[in-house]
Structures are given as structure tokens and as C-alpha cells.
2 protein chains.
Amino acid sequence: VINVTIKRVNRKLFYQNIVFNFYLDHIQDDAGNEIKEYFVMQPKNMKENGGGGVAILPFINNKIGLINVYRPPLNSYQWEIPHGFIESGETDQKAAARELAEETGLIVDFESCISLGFVAPDAGVIAARVHLFVVESIIEASQSTYELGLGKFVFFDIYEIKRMIFNSEIQDGFTLVAIFKYLSNKGLVSWNL
Amino acid sequence: VINVTIKRVNRKLFYQNIVFNFYLDHIQDDAGNEIKEYFVMQPKNMKENGGGGVAILPFINNKIGLINVYRPPLNSYQWEIPHGFIESGETDQKAAARELAEETGLIVDFESCISLGFVAPDAGVIAARVHLFVVESIIEASQSTYELGLGKFVFFDIYEIKRMIFNSEIQDGFTLVAIFKYLSNKGLVSWNL
């Protein structure tokens, strides 16, 4: 199998809400294989580099902060790092600091938000990458804004985090990738090569 | 902030394709906060436990097999482990072995597919968990089935995998989580606690 060229021959916007555009794309490869209604959801403020969202790992005093968020699609509470959409005109770092403040009340200098790279949550349907960040110091801890579904915010030590990961108590893809990449960078997780 | 009870008061199916149902849910919490059209996409064959998909990491002779897949939503090729939907009546293990065979040509005993737990790709919109597996031995290597966008299948050693992860060359959330969890279980990645 070799890589072929695939192109979009048509795109139909069939629904939109506050944050996403939903498209049905007609795609085709060199050999004439095609999919006529390929479903794609794309954040409204998507950037040139394909970035659409940010997620930020708070690592303060050797503990990781997670929020318990009610997720209607799964009908359950999930342990997650703060994440959300980039607003129009906003840099990724500023979006990360804003999301953190809104969801946890932690106020940080946006310039101290350090990139951990990108994750594609589900490349088969979602037209965006999420930019992961970590922040290690805070300016102050204030009150978070209430949003529907936003539960308690708790700091866990690495022992507890490890247990929660391997018990599948933490299932959120952004959270898992951010934790692993950060702990690797930090040497708290090491690769035995 | 304490956790509140949130319930779905209404659900409207507004679109469906071969694999997903798309809903607009009306949700409400105890305090009367509500979202009238909350967008949810749900795999058609979702299981009781919320499982809808599987992903499988082939780890053969100390190398990890990744496929280069063209993803229309991102308009680019991504390095990914095989993944896909569970078919009606199929166990998660059988789905994992089938997806592996279809996308890579590797034939394995489904009973040798070992669970690595669950990941929620984007719990804000997708009503399903993906069950991660690893397989360490194959029965035979045959030809994969051509699907639009399916590119070359390559085995990488752990050095290359590490480099690709930290360069953001591997961005797929399922792939990243499966690799980290498996290498941790195997002691190839260790936690310095």
C-alpha cells in the first residue's frame, strides 16, 4: 500500500452551534474511491495550524489538579484537566490561562504556560488539534465561574494519579496524554531504552 | 463547588450516518441551569458500559506497528494504531482483532488481545469510550484490505516512537495513551515515585 492523494471535492455545512461547524464532505482519492457524505466537525475559530482547542495541566507543589466534570455524552463525571476552545484573536497560551482560571479559579501568567505539543482527539471526525500546556506556578487561587456540569477541583499526588490512570478512573484522552508527556519531560516517568 | 445532579430532559435525533447517531439534548441541573441544544454524537452499536470503539497496539519483536492514515478532517496523514467501531454482537476483543486484520493484514488470536483500559476521546461531544488493547504475537501477516485513506504500515522501535511522540509526529490520542499505558505495564517506561 502506498499513500495516495486524497482531495475534498465538495463541502456542505449542514449544522452549526456556538462552537462547532458540522460539515458533510465529498472526498475522493486518485483511484476514484470516494465517500460522498463524510462527517466532519470543526471548531469555529480554527487556526491555520489546525489548532482549535487548548488543555492545561496544573502541576503545583508536586501535585496535579483535576476537575470533576459532568459530561452529558457519557452521562457521568470524569476527572479532567481544564480544556476548551480558543477564542477569536486569542493566542493558545492566553486561551490556556483563561480556561484554567474559568474552570479552577487558578490565576496564572499566560507566559508561564509551557507547550506539551498537540493531540488529535479523534482524527476520524474532529477537524482540530488540541494544544496541550502545563503550568507550574500560580499568581493566586480565586473562585471558579460556575458552568453547568463543573464539579470539584482536587489536587492529587503522583501515586494517586498513577493508580487512577491504571484503574481507568482517568479516561480523558487530553488529560492522559498531558500527564504522560509532562512527567516524561520532568523525568518523573523515565524511558528505559 | 459541589457536584450537582444533571439530567437529560429531552433528546432529539437530528442526523445519522452509517456509524453515528447525532443528537441535540436538552440538559438541566438541580439549580435550573440548562443547555437546550447540547450536541452529542454516539456510535450506533454502543454497549451498556459506554464502549463504542476499540483500538489495538501491535507490539511485535519489540517494535510498535503504526499505520499512516489520511484523515479528511485534518487534511493530513497521521501515524495511528488501528482503531474502529465495535460491530453489533461482537466482543471488544474480537473487534480489536478484526480491525487489526483489516487495517494491517496482521492475523491474531483474539484471545491474545490484552486490555489496556478505556479512553474517552472527547467527552464533551462523543458519547463513547474506546477500549484499548495490545497484542504481542501474530499468527500470520497477510494483505490488508484497501480503505480510502489507509496508507503504509510500519514498525518502529521504541527510540523512534519516543522521538515521534515528543516531536508531536504522533498526535493521535488513542495511540499516545495506548503506547504510554503499555510501556508502563511492561516496565519500558517507569514511574519514579
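Each remark here, short or long, concerns the structure printed above.
Reference entry: report on the structure contained in this document. Residue positions are given per chain, counting from 1 as you read along its sequence in written order. Throughout, the order in which chains and ligands are written sets their labels, letters from A for the former and numbers from 1 for the latter. Where totals are concerned, whole chains, interfaces and linings use all residues; where local detail is concerned, this predicted model gives features only for residues with pLDDT of at least 70, and gives and counts side-chain atom pairs only at 80 or more. The side-chain quantities take in all heavy atoms of the structure and omit both hydrogens and water.

## Description of the sheet that holds strand β3 (residues 34-43) of chain A
All names here are of chain A. What counts is decided by this rule: Any two strands with at least two DSSP bridges between them are considered paired. The way it works is that DSSP assigns letters per residue, a run of H or I at least four long becomes a helix, a run of E at least two long becomes a strand, and they are numbered from the N terminus. Note on definitions: angles span 0 to 180 degrees between N-to-C directions of axes, and those axes are lines fitted to C-alpha atoms, for helices only across the stretch in contact.
A sheet is described by the order of its strands in space; here three strands give the open sequence β1-β2-β3, paired in antiparallel fashion. Each end of this open sheet is capped by a strand with a single partner; those strands are β1 (6-16) and β3. When the angles between neighbouring strand axes are averaged without regard to direction, this sheet yields 30 degrees. Two strands pair when backbone bridges link them, and strand β2 (residues 20-29) and β3 are joined in this way by eight bridges, in the antiparallel orientation. Residue pairing across strands places L24 opposite F39, the latter belonging to β3.

## Description of the relation of the copies chain A and chain B
Copy one and copy two of the chain differ by a rotation about a common axis and a shift along it. Threshold: The least-squares superposition of copies is restricted to C-alpha atoms, and to residues with a pLDDT of at least 70 in both copies. Here, residues are in contact when the closest pair of their heavy atoms is within 4.5 Å.
Mapping chain A onto chain B calls for a rotation angle of 180 degrees and an axial translation of 0.0 Å; the resulting RMSD is 0.0 Å. These values place the two chain copies in the arrangement generated by a two-fold rotation axis. Interface overlap between copies: 100% of the residues of chain A at the interface are likewise at the interface in chain B, consistent with a symmetric, same-surface contact.

## Examining the packing of helix α2 (residues 158-166) of chain B against helix α3 (residues 173-186) of chain B
Residue and element names in this part refer to chain B. Spelled out, the test is: Should an angle fall under 35 degrees it is taken as roughly parallel, and over 145 as roughly antiparallel, whereas 65 to 115 is taken as roughly perpendicular and any remaining angle as oblique. It is the rotation of the near helix from the far one that decides the hand of a crossing: anticlockwise by less than a right angle makes it left-handed, clockwise makes it right-handed.
Between α2 and α3, whose axes approach to 12 Å, the crossing angle comes to 135 degrees. Relative to α3, the element α2 lies oblique. For the pair α2 and α3, the crossing hand works out as left-handed. Residues I158, I161, I165 and F166 of α2 form the contact with α3, whose own contacting residues are L176, I179, F180 and L183.

## Considerations on the side chain of Q42 of chain B
Residues and elements named next belong to chain B. How we decide: Burial status follows relative accessibility: with a 1.4 Å probe on protein chains alone, a residue under 20% of its type maximum counts as buried, one over 50% as exposed, and anything between as partly exposed.
The residue Q42 is located in strand β3 (residues 34-43) in this model. Relative accessible area serves as the criterion here: at 15%, Q42 is assigned to the buried category. The contact partners of Q42, leaving out residues within four places of it in the chain, are R11, V19, F20, N21, Y23 and A127.

## Notes on the interface of chain A and chain B
Here is the rule we go by: The term buried area refers to how much accessible surface (probe radius 1.4 Å) is lost by two components on association, counted for both of them together. Any Lys or Arg side-chain nitrogen located within 4 Å of an Asp or Glu carboxyl oxygen qualifies as a salt bridge. The definition of a polar contact used here is a pair of N or O atoms within 3.5 Å, where within protein one atom must be able to donate a hydrogen and the other to accept one, and adjacent residues in sequence count solely through side-chain atom pairs.
Between chain A and chain B, the contact holds 74 residues from the first and 75 residues from the second. In total, about 6,900 Å² of surface goes out of reach between chain A and chain B, with carbon and sulfur atoms giving 65% of it. Joining chain A to chain B, the criterion identifies zero salt bridges. At the boundary of chain A and chain B, one finds 21 residue pairs in polar contact (both at pLDDT 80 or more). Broken down by element, the residue count for the side of chain A that touches chain B peaks at nine residues, all from helix α3 (residues 173-186) of chain A.

## Details of the pairing of strand β2 (residues 20-29) of chain B
Residue and element names in this part refer to chain B. For β2, a buried count of nine out of ten residues is recorded, marking the element as mostly surrounded by other parts of the structure. When strand β1 (residues 6-16) meets β2, the two strands line up antiparallel, connected through nine bridges. Considered in β2, the bridge of R8 is made with I27. Counted along the chain from β1 to the antiparallel partner β2, the turn is three residues long.

## Focus on the packing of aromatic side chains
The cut-off we apply is this: Aromatic rings from Phe, Tyr and Trp, taking only the six-membered ring of Trp, are treated as a pair when their centres fall within 6.5 Å; an angle between ring planes under 30 degrees marks them as stacked, one over 60 as edge-to-face, and anything in between as tilted. In this analysis the charged atom, NZ for Lys or CZ for Arg, is taken to sit over a ring once it is within 6 Å of the ring centre and within 35 degrees of the ring normal.
Counted according to the given criterion, the structure contains 28 aromatic pairs over all chains. Centre to centre, the rings of F20 of chain B and F22 of chain B are 5.9 Å apart; their planes meet at 50 degrees, and the pair counts as tilted. Here F20 of chain B matches F22 of chain B in class, with each residue buried. An aromatic cluster is defined as three or more aromatic residues linked by ring pairs; in this entry it consists of F14, Y15, F20, F22, F39 and F85 of chain A together with F14, Y15, F20, F22, F39 and F85 of chain B. When the ring centre of F110 of chain A is taken as reference, the NZ or CZ atom of K94 of chain A above it lies at 5.0 Å.

## Quick notes on empty space enclosed by the protein
Where empty space is left in the structure can be found by rolling a water-sized probe over the atoms. How we decide: Detection works on a 1 Å grid of protein atoms alone, calling trapped sets that fit a 1.4 Å probe cavities and calling open sets with protein on both sides within 12 Å along at least five of seven lines pockets, with lining residues defined by an atom within 4 Å of a point. Grid points are joined across faces, edges and corners, and a volume is the space filled by probe spheres set on the points.
By the definition in use, this model includes one cavity of 30 Å³ or more. When its volume is computed, the largest cavity comes out at roughly 40 Å³. Surrounding the largest cavity, V119, P121, G173 and F174 of chain A together with V119, P121, G173 and F174 of chain B form its lining. Among the secondary structure elements, those contributing two or more residues to the lining of the largest cavity are α3 of chain A together with α3 of chain B.

## Here we look at the pattern of salt bridges
Residue and element names in this part refer to chain A. The full count for this structure, using the stated rule, is 22 salt bridges over all chains. Its salt-bridge partner being R98, residue E102 comes within 3.3 Å of it at the nearest N-O pair. Placement of both E102 and R98 in helix α1 (residues 92-104) is noted, with a separation of four residues, approximately one turn of the helix. For E102, a relative accessible area of 24% corresponds to the partly exposed category. Each of E87, E90, R98, E99 and E102 takes part in one network of salt bridges that share partners.

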